[in-house]
Amino acid sequence: MKLLTYSIQDSEPRLGFIHNNQVIDMEDFGDVSNFPLPNNMLELIDMGFEVIDEINDLIADTSQKQFDEIAYPIDEVTFLAPIPKPRKNIIGIGLNYTEHVAESARTLDTTGKLPVKPIIFSKPPTTVTATNTEIIKNTKLTSQLDWECELAVVISKKGKYVTKENALDYVFGYTVINDISARDCRREGQWIVSKGQDTFAPMGPVLVTKDEIVNPHNLNLTLKVNGVEKQNSNTKFMLFNINDLIEDLSIVFTLEPGDIIATGTPAGVGAGRDPQEWLYDGDVVEATVEGIGTIVNTVKEI
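Just so we're clear, the structure is a prediction, and the values are computed from it rather than from any experiment.

How each quantity is defined
Residues numbered from 1 in each chain as written. Predicted model: local features only at pLDDT ≥ 70, side-chain atom pairs only at ≥ 80, totals over all residues. Heavy atoms only, no water. Salt bridge = Lys/Arg side-chain N within 4 Å of Asp/Glu carboxyl O. Helix = DSSP H or I, 4+ residues; strand = E, 2+ residues; numbered from the N terminus. Buried < 20%, exposed > 50% of the residue type's maximum accessible area, 1.4 Å probe, protein only. Contact = heavy atoms within 4.5 Å. Axes fitted to C-alpha atoms, helices over the stretch in contact; angles between N-to-C directions. Left-handed = near helix turned anticlockwise from the far one by under 90°. Nonpolar A, V, L, I, M, F, W, Y, C, P; charged D, E, K, R; others polar. Patch = residues over 30% accessible without salt bridge, like charges linked within 9 Å, V, L, I, M, F, W, Y side chains within 5 Å. Areas by Shrake-Rupley, 256 points an atom, 1.4 Å probe, with all protein chains shown as cover. Lys, Arg positive; Asp, Glu negative; His and termini not counted. Charge placed at Lys NZ, Arg CZ, Asp CG, Glu CD. Core = buried A, V, L, I, M, F, W, Y, C linked by side-chain atoms within 4.5 Å.

Visitor: Please clarify how the pattern of salt bridges should be interpreted in this entry.
Guide: Two side chains with opposite charge may pair up if their charged atoms get near one another. Enumeration according to the criterion identifies 13 salt bridges in this entry. For D179, the salt bridge goes to K123, with nearest N and O atoms at 2.5 Å. With D179 in the loop between β12 (171-178) and β13 (181-182) and K123 in strand β7 (residues 119-123), this pair connects stretches of sequence that are 56 residues apart. K123 carries the same exposure label as D179, and that label is buried. A single salt-bridge network, built from bridges that share partners, covers K123, D146, E148, D179, R183 and K195.

What follows is the structure in structure tokens.
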């Protein structure tokens, strides 16, 4: 199921899903089906992944005429970030692709050695923005704005000391994140100023439930700037896959429903190029993950 948070003509955010190329309002669908459903992504996740099976069964029993009464054409809705206001910081994973480790060592303050455990950082909830919005480049803070296309994992249930073997049972679904990074804002190896500025986590366009992603470890990732491809790789090249990450993170702290893990980016970032490339006012950035979709954002300098 492709879930989205959306608005119509500046309405309050609503929860929906895509069916037959239409946006179906989730709460209205619950009314039609006599099965109460929320209008908020986090509330849906709190119901547990099992609710997706129930919704799919209800969809199969619903006529197109009933859908038409609660549907909107896709081009008439505004796609918001799937989780516009995460409850906690986004969990970021650094240096999780071999070639990105190498390119970072050439130009940034990293050693070039492959990590023996996941490198963890975080991005505040205020970094989240949607597709078709602006990435704000604060020129008082940075002149080295960079891109990072990533697969993001959304957690479905509370987990502590989760084993690798059971890790995917704790996944609700997947989305796309562009881990925007100000390379000249790293402070003595600490990354939150570089990674945590407002609008530095474009997310979306949808959240795809895990049952629709056959193998999250074989998805193509690409990123373009002004139509020119900069990144092209596959999640199979992660150093630490999703199972590894969930096991490691759940040892460090308790994972909870709605938690978001950005799983790292492959090679091709601006900092790793010769000469280095940065994002400037008006640049259009497109980040794509196979099976999920593309988020498009425009850089605005202030």
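Visitor: What is the right way to read the environment of V154 from this model?
Guide: Within the secondary structure, V154 sits in strand β11 (residues 149-155). Taking relative accessible area as the criterion, V154 reaches 2% and is therefore assigned buried. Apart from the residues within four sequence positions on either side, V154 is in contact with I45, I83, Y170, V171, F172, G173, L207, G258, D259 and I260.

Visitor: Just checking my understanding: could you explain unusual backbone geometry for this structure?
Guide: Glycine aside, the phi torsion of most residues is negative, and most peptide linkages are trans. The step from G204 to P205 runs through a cis peptide bond, and the omega angle for that step is -5°. One can find P205 in strand β14 (residues 201-209). Cis geometry is found at the peptide bond from D274 to P275, where omega equals 0°. Its identity is not glycine, yet N132 carries a phi of approximately 60°, on the positive side. As for its placement among the helices and strands, N132 is situated in the loop between β8 (128-129) and β9 (133-137). With a phi angle near 55°, Y161 is a residue other than glycine that sits in the positive phi range. Tracing the backbone shows Y161 in the loop between β11 and β12. Judged by its relative accessible area of 58%, Y161 falls in the exposed class.

Visitor: Help me understand the packing of helix α1 (residues 26-33) against helix α3 (residues 50-60) in this model?
Guide: Helix packing geometry: the angle between the two helix axes and the distance between the axes. One way to put it is that α1 packs onto α3 with a least axis distance of 11 Å and a crossing angle of 65°. The element α1 and its partner α3 pack so that their crossing is left-handed. Facing α1, whose interface residues are M26, F29 and S33, α3 presents I55, L58 and I59. Of the residues assigned to the contact of α1 with α3, the class counts are five nonpolar, one polar and no charged.

Visitor: Any chance you could explain a negative patch on the surface here in plain terms?
Guide: There is a patch of like negative charges on the surface, built from E50, D53, E54, D57, D61, D211 and E212. Looking at the secondary structure, you find D57 in helix α3.

Visitor: Would you explain the nonpolar core in this entry?
Guide: A general feature of soluble globular proteins is that nonpolar side chains tend to end up buried together. Grouped together as the largest cluster of nonpolar side chains are 48 residues, with contacts concentrated most on L151, Y174, I246, I261, L279, V289 and I292. Setting aside its immediate chain neighbours within four residues, I246 contacts I155, V162, A167, V171, L255 and I261. Membership of the second largest hydrophobic core comes to 34 residues, among which are A152, V154, F172 and L207.

All quantities given are derived from atomic positions and should not be read as evidence of function.
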